[in-house]
Amino acid sequence: SGYHPNPYHNATHAADVLQVTHFIIEGGGLKSTINMTQNDCLAALLAAAIHDYDHPGFNNNFHIRTSAYLAILYND
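Within each chain, residue numbers correspond to sequence positions counted from 1 in written order. Two thresholds apply to this predicted model, a pLDDT of at least 70 for residue-level local features and 80 or more for giving and counting side-chain atom pairs, whereas whole-chain, interface and lining totals are computed over all residues. With hydrogens and water excluded, all non-hydrogen atoms of the structure serve as input to the side-chain values.

Brief notes about the packing of helix α1 (residues 11–27) against helix α3 (residues 38–50)
Put simply, α1 and α3 touch, their axes get as near as 7 Å, and they point 155 degrees apart. The orientation of α1 relative to α3 falls into the category roughly antiparallel. As α1 runs across α3, the sense of the crossing is right-handed. Along the contact surface, α1 presents A14, V17, L18, T21, H22 and I25, while α3 presents C41, A44, L45, A48 and A49. Residues are grouped as follows: nonpolar covers Ala, Val, Leu, Ile, Met, Phe, Trp, Tyr, Cys and Pro; charged covers Asp, Glu, Lys and Arg; every other residue, Gly included, is treated as polar. Taken together, the residues that form the contact of α1 with α3 break down as nine nonpolar, two polar and no charged. The angle between two axes is taken between their N-to-C directions and runs from 0 to 180 degrees, where each axis is a line fitted to C-alpha atoms and a helix contributes only its stretch in contact. Strands are runs of DSSP state E lasting at least 2 residues, helices are runs of H or I lasting at least 4, and numbering of each runs from the N terminus. Angles are sorted into four bins: roughly parallel if under 35 degrees, roughly antiparallel if over 145, roughly perpendicular if 65 to 115, and oblique for all others. With the far helix as reference, a near helix turned anticlockwise by less than a right angle produces a left-handed crossing, and one turned clockwise produces a right-handed crossing. Contacts were defined at the residue level, with two residues in contact if any of their heavy atoms lie within 4.5 Å.

Some remarks on the packing of aromatic side chains
Between the rings of Phe, Tyr and Trp (Trp by its six-membered ring), a pair exists once the centres lie within 6.5 Å; its type follows the angle of the planes, with under 30 degrees stacked, over 60 edge-to-face, and the other angles tilted. Tallied over the full model, the rule gives two aromatic pairs. Ring centres 5.6 Å apart and planes at 85 degrees place the aromatic pair Y3 and Y53 in the edge-to-face group. Residue Y3 is located in the segment before α1, and its partner Y53 is located in the loop between α3 and α4 (60–65); the two are separated by 50 residues in the primary sequence. Centre to centre, the rings of F58 and F62 are 4.3 Å apart; their planes meet at 15 degrees, and the pair counts as stacked.

Below you can see the structure in the form of structure tokens.
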């Protein structure tokens, strides 16, 4: 699995975000309010499900302070 065993950015969090996104789209009325197509709904739900895939559990500041590879790669 691409979800690491860290305390927050894990598979349980992904499932929670997916469920809340589904509720906002369907139960909350977003779908009808902005006339979402089936593709729009699929894209939103897919994004919710994978938004933290392979997240290492550290924030940007940590990466910068430790000169991590990702901080150097994406340095402005």
